[in-house]
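Topology and contacts: notes
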Amino acid sequence: MRAPQPFPADGLPANVTIYEVGPRDGLQNEAATVPTVVKAEFIRRLLDAGLRVVEATSFVSPKWVPQLADADELLAAIPRTEGVRYPVLVPNERGLDRALAAGVDEIAIFGSATETFARRNLNRTVDESVAMFAPVAARARDAGVPVRAYLSMCFGDPWEGPVAVGQVVDVGRRLLDLGCYELSLGDTIGTGTPGHVAALLEAFGAAGVGPDRLAVHFHDTYGQALANTVVALRCGVTVVDASAGGLGGCPYARSATGNLATEDLVWLLHGLGIVTGVDLDRLVATSAWMAEQLGRPTTSRVVQVLAGG
Ligand code: HMG
Ligand code: MG
């Protein structure tokens, strides 16, 4: 079978926006730096497969993430197509200057629910990182560029252990209050489980942040990402981050492995009769091609089954 048999279920959205993070979250974590032309071809193939939101790269310090040091060149090399968004990560005003010069159409700031990860990933406390993001978000919005926010370590932290739901909601609201249109809840190390997802989304709702302003970003380290996604959809979330072929991780988070694989997500969503706009065969071919470029097999179960033909 090359597609699931659709069985719609009650209480789920009719459409889901897949926010593809493979070129950014995936390639930031590769030991070898992928050539710019290969990254551009990867993005072109993702568009061909029907994805319309593709996080392309990061305008971060090249000393911190050398894998994405070619962000400026990459932005110049990818096709600008009507209806396609290419968000990029931007931590500070230096990054924003570069991103605006490259003509980006959307940026994302990325905070942490925990102090330890804020220091390890941004060299700042949580307060200092929010202060760093404030002028970035304000200037981007003045320039007409929408701002998304990520919040990492929402479900557990490799150094601090469990993370209190209230702490996540507090920091998340502070990021949204900077003028971000959406907050993506990161399970950076993949320890979250369905009840935890429901509790967090309920707590955001109680704090006045509904599912229309939230997205989910699950790393699949413990194999919970699909189960967690179903719960998030039932709670009303309609934007799901995923990475083609399950690429991904964070170089500054111990035990972070790949993101939820986009192909596995598409199989689930199409099986539930949910429209994504993605052509699964083309996406599988893209991830099989990318695995060849990287010289290692994909972790996506769906790609493993379907790539053989
Ligand atoms: P710092 O060392 O405190 O910054 O790092 P600094 O201002 O002292 O700058 C250090 C050097 O970098 C200077 O160069 C700056 O000019 C340069 P030098 O003077 O030494 O030659 N620099 C830059 N160059 C280009 N573009 C820039 C830039 N900024 C500084 N934007 C900083 C602070 C925030 C810069 C650093 O910590 C950083 O870049 N961190 C990014 C780490 C990162 O990208 N992590 C992965 C993404 S987050 C993630 O994956 C999680 C997520 O997927 C969600 C989830 O799964 O939970 C989003
Ligand atoms: Mg991530």
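Residues numbered from 1 in each chain as written. Chains lettered and ligands numbered in written order. Predicted model: local features only at pLDDT ≥ 70, side-chain atom pairs only at ≥ 80, totals over all residues. Heavy atoms only, no water.

What follows deals with the site of ligand 1. Taken together, 28 residues sit near ligand 1, with Gln28, Lys63, Asn121, Ser152 and Thr188 positioned nearest. In this structure, Phe59 approaches ligand 1 through a main-chain N or O atom, which is 3.0 Å from a nitrogen atom. Asn92 places a polar side-chain atom, nitrogen or oxygen, 2.9 Å from a nitrogen atom of ligand 1. Taking 1100 Å² as the accessible area of ligand 1 by itself, protein coverage stands at 79%. Take the shell around ligand 1: its biggest share by element is 3 residues, from helix H4 (residues 93–101). (Near = heavy atom within 4 Å. Polar contact = N/O pair within 3.5 Å; in protein donor to acceptor, adjacent residues only side chain to side chain. Areas by Shrake-Rupley, 256 points an atom, 1.4 Å probe, with all protein chains shown as cover. Helix = DSSP H or I, 4+ residues; strand = E, 2+ residues; numbered from the N terminus.)

This next bit is on the environment of Leu233. Topologically, Leu233 is positioned in helix H9 (residues 225–234). Note: C-alpha distance between Leu233 and Ala215 (18 residues apart in sequence) is 9.8 Å. Those residues in contact with Leu233 that sit more than four places away from it in its chain are Gly11, Leu12, Pro13, Val16, Val240, Leu269 and Ile274. (Contact = heavy atoms within 4.5 Å.)

This paragraph deals with the sheet that holds strand S1 (residues 17–20). The sheet built from 9 strands is open, its strands ordered S2-S1-S9-S8-S7-S6-S5-S4-S3 with parallel pairing. The open sheet has two edge strands with one neighbour each: strand S2 (53–54) and strand S3 (57–58). Most of the contacts of helix H5 (residues 115–122) go to strand S5 (residues 107–112), to which it runs at about 130 degrees, and overall it touches S5 and strand S6 (147–152). (Pairing = 2+ DSSP bridges. Axes fitted to C-alpha atoms, helices over the stretch in contact; angles between N-to-C directions.)

This part is about the environment of Ala288. The topology assignment puts Ala288 in helix H11 (residues 280–294). The exposure class assigned to Ala288 is partly exposed, which follows from its relative accessible area of 25%. Distance from Ala288 to Gly208, taken between C-alpha atoms, is 42 Å for residues 80 residues apart in sequence. What Ala288 contacts, discounting residues up to four positions off in sequence, is Val303 and Ala307. (Buried < 20%, exposed > 50% of the residue type's maximum accessible area, 1.4 Å probe, protein only.)

All right, on to the coordination of the magnesium ion (ligand 2) then. Here the magnesium ion (ligand 2) is held by Asp25 (OD), His217 (NE2) and His219 (NE2), and the distances to it run 2.1 to 2.3 Å. Summarised as a motif, the one-chain spacing of the donors to the magnesium ion (ligand 2) is D-x191-H-x1-H. Placement of the pair is Asp25 in helix H1 (residues 22–26) and His217 in strand S8 (residues 214–218), with a sequence separation of 192 residues. His217 matches Asp25 in its accessibility class, with the two residues each being buried. (Donors = N, O, S within 2.8 Å, 3.2 Å for Na, K, Ca; no water.)

All right, on to the layout of surface pockets then. Here the largest pocket is characterised by a volume of approximately 570 Å³. Lining the largest pocket are 35 residues, and of these Val60, Pro91, Phe110, Asn121 and Leu122 sit closest to its centre. Of all the secondary structure elements, the ones that give two or more residues to the lining of the largest pocket are H1, H4, H5 and S6. Around the second largest pocket, the lining is made up of 14 residues, and of these Asp220, Ala261, Asp264, Thr299 and Arg301 lie nearest the centre. Across the lining of the second largest pocket, the residue classes tally to 4 nonpolar, 7 polar and 3 charged. (1 Å grid on protein atoms, 1.4 Å probe; cavity = no way out; pocket = protein on both sides within 12 Å on 5 of 7 lines; lining within 4 Å. Points joined across faces, edges and corners; volume = space filled by probe spheres on them. Nonpolar A, V, L, I, M, F, W, Y, C, P; charged D, E, K, R; others polar.)

Remember, this is a structural readout, not a statement about activity or role.
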